[in-house]
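# Inside the fold
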Amino acid sequence: MNKQQTSGDAPAASSSQQQQFQPADASASLREAALAYHRPQNADDIGGKIGIAVTKRVGSMDDLSLAYSPGVAAPCVEIARDAAMAYDYTAKGNLVAVITNGTAVLGLGNIGALAGKPVMEGKSVLFKRFAGIDAFDIEIDETDPKKLIEIIASLHPTFGGINLEDIKAPECFEIERALRARLPIPVFHDDQHGTAIVVAAGLMNALHLQGKTLETVKLVCNGAGAAAVACLELLVALGLKHSNILVCDSKGVLYTGRGAKGDDGEKAAWARDTAARTLGDAMQGADVFLGLSGPGVVSQDMIKSMAAKPVVFALANPDPEIRPEHVMAVAADAITATGRSDYANQVNNALCFPYLFRAALDVGAPQINEAMKKAAVLALADLARSDTAFGATKLLPTLLDNRLLETVSLRVAQAAADSGSARRGFDAKLYRERLARLAQRLIG
C-alpha cells in the first residue's frame, strides 16, 4: 500500500500550493534522480515512462490496406454484428484504463488531475511489466462524482477493464458502485480493494506466526476512509468478527450514538456499543492495529497496552502511524508492516492488481467478485509461506517474485470460473502453461 490514506476531504490545491507537496522524507538525491528518470534522456527521447507499440506487421502497402482502409472494415462489421468479437479483433481484451481525477494522489492529497499523471503512467508501467497488460492513463479534470461517473462510463467501449485510482473518499465509493452496476467490464478501485487484498494476506500470515487466528483476534483500525473500509469488509468476509473490531477516525472511536459528528454512509456500519472514546482506549488489549490514517498517531504506550504478540500494520505513507523500530523497542514479540520499501513487510498493491486484472481479462469476467478477491488473498499468503525466508520479516512475496503471475492469476481465474463469472472457456492446465510462457517473456 503505497499511499497515505486519509478519511477527510482535502481542499483543492492551487499552483502555488502544489509546489509545497513533497514527501516528508524525500532526499534531494532521490528527488533529482526521479526527475531525471522522467525527463527526456536525449534530443530524440520523449518525457514520461510509457508509449504505444504496434503489434502487427506494417511493412508494405498490403499490410497498410489490412491495418486500415479498406481491410479494417471487415472486423468493424463483425463487431457491429456481435460485440464480443471486439475481444478477438481489437486490443480491448488486453487494455485497462487507469483513471483518476487527482483528488487523493499518494500522500500528496488533492493536487489535481494533471499533477497525478506521473503516478497513473507509473501504474501503467506496472500493469505491463508484471502482467503484460496494456494500460492507458486517463486524467479527468472533474470532481463532481455524478459527472465523473458519466465520463468514465462513456469511455468503456475502449477498454477491457477500468482501474480507478487516487479518488478521494467518500466519493470513490459512489463512483465505483455506480460503474460496477452499469458496465459489463471489471471496475476496480485499487486504493480500496488492492490494499485490502495485500493487507489481508499479510495479516493472515502474521497471525499464523503469532499463533492467533482471524476468527478470534481483536482489531483496532485507525482510519475510516476508502482503504480502511475495504480492508475491514474483506477481513470480515475471511472470518474476522465484526464485534471484535473498533474503528477510529480523526474524531475518535466510532461508537453507537455518535451520529451527531457526521457518522453516516460507510462509517455508520462500523459504529460499536463501546465505552472506548479515544484511540488509546481502543488499543488496550487489542491483538491487531491496522493504520490507514496519518503519521505519528500511535504512541509507544499504546503499543504496550496491546495484547501479547501484537501485530502492527502502520500503513500511512510516507510516514507511518508508528515506525517499526519504535514498536519493537517496547514490544519485542510484535510483528510489524508498513507501506514503505525501506522496512520489512511492505504492503504494496502491486502484489495483486496486475494479476487480478490479468485473470479477469483472460476469462472475460464482467467484474472482480468477492471469490476472486479471496483467491488473490490466499494465493499471496500461500506463496509467501512457501518461501524458505517466510517469517516475521517476510510476510509477503516481493514485488519481483517471478512466481506471482502464474500463482495469483491462476487462482483468481479458477475462482472466477468456479463462481460462474467466467464468460470464456477455462482450462486450468492450459492457462497455467500460458501464464508460464508470458512470465518468461516478461522476465526476458
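Coordinates for the structure precede this section.
Small disclaimer: the values here were computed from a predicted structure and weren't measured. (Residues numbered from 1 in each chain as written. Predicted model: local features only at pLDDT ≥ 70, side-chain atom pairs only at ≥ 80, totals over all residues. Heavy atoms only, no water.)

Okay, the packing of helix α15 (residues 370–385) against helix α16 (residues 404–418) next. At their nearest, the axes of α15 and α16 sit 8 Å apart, and the two run at 150° to each other. It follows from the interaxial angle that α15 and α16 lie roughly antiparallel. As α15 packs across α16, the resulting crossing turns out to be right-handed. In contact with Ala371, Met372, Ala375, Ala376, Leu378, Ala379, Leu380, Asp382 and Leu383 of α15, α16 contributes Leu404, Thr407, Val408, Arg411, Val412, Ala415 and Ala416. A class-by-class count of the residues in the contact of α15 with α16 yields 13 nonpolar, one polar and two charged. (Axes fitted to C-alpha atoms, helices over the stretch in contact; angles between N-to-C directions. Helix = DSSP H or I, 4+ residues; strand = E, 2+ residues; numbered from the N terminus. Parallel < 35°, antiparallel > 145°, perpendicular 65-115°, else oblique. Left-handed = near helix turned anticlockwise from the far one by under 90°. Contact = heavy atoms within 4.5 Å. Nonpolar A, V, L, I, M, F, W, Y, C, P; charged D, E, K, R; others polar.)

A volume near 1,200 Å³ is recorded for the second largest pocket. In terms of lining, the second largest pocket is formed by 31 residues, of which the most central are Ala53, Val54, Thr55, Ala91 and Asp134. Contributions of two or more residues to the lining of the second largest pocket are made by α3 (61–67), α4 (73–81), α5 (86–89), α6 (117–131) and β2 (134–139). A per-element tally of the lining of the second largest pocket places β2 first, with four residues. Split into classes, the residues belonging to the lining of the second largest pocket amount to 17 nonpolar, six polar and eight charged. (1 Å grid on protein atoms, 1.4 Å probe; cavity = no way out; pocket = protein on both sides within 12 Å on 5 of 7 lines; lining within 4 Å. Points joined across faces, edges and corners; volume = space filled by probe spheres on them.)

Right, let's get into the nonpolar core. Core analysis: the largest hydrophobic core is formed by 103 residues, its most contacted members being Leu219, Leu290 and Phe313. Ignoring any residue separated from it by four or fewer positions in sequence, one finds phenylalanine 313 in contact with Val199, Gly202, Leu203, Ala206, Phe289, Leu290, Gly291, Ala337, Val347 and Leu395. Of all hydrophobic cores here, the second largest spans 21 residues; its members include Ala276, Val312, Ala314 and Ile322. (Core = buried A, V, L, I, M, F, W, Y, C linked by side-chain atoms within 4.5 Å. Buried < 20%, exposed > 50% of the residue type's maximum accessible area, 1.4 Å probe, protein only.)

It is worth spelling out the sheet that holds strand β1 (residues 95–100) at this point. Read from one edge to the other, the open sheet built from four strands follows the order β2-β1-β3-β4, with strand pairing classed as parallel. Every other strand in the sheet has two partners, leaving β2 and β4 (187–189) as the edge strands with one partner each. The sheet shows a mean angle of 20° between the axes of neighbouring strands, direction not considered. Across three bridges, strand β3 (residues 161–164) lies against β4 in parallel orientation. When the bridges of β4 are listed, asparagine 163 appears paired with phenylalanine 188. Packed onto the sheet, α6 meets β1, β2 and β3 and runs at close to 165° relative to β2. Here helix α8 (residues 171–182) sits on the sheet in contact with β3 and β4, set at roughly 165° to β4. (Pairing = 2+ DSSP bridges.)

Our focus in this paragraph is the pattern of salt bridges. Tallying each qualifying case throughout the model produces 28 salt bridges. With a closest N to O distance of 2.4 Å, lysine 123 and aspartate 190 form a salt bridge. Of this pair, lysine 123 sits in helix α6 while aspartate 190 is found in helix α9 (residues 190–210), placing the two residues 67 residues apart along the sequence. Assigned by exposure class, lysine 123 and aspartate 190 land together as buried. The salt bridge partner of aspartate 134 is lysine 128, with a shortest N-O separation of 2.7 Å. Judged by relative accessible area, lysine 128 falls into the partly exposed class, the value being 41%. A single network of salt bridges, built from pairs that share partners, joins Lys117, Glu121, Asp137 and Glu139. (Salt bridge = Lys/Arg side-chain N within 4 Å of Asp/Glu carboxyl O.)

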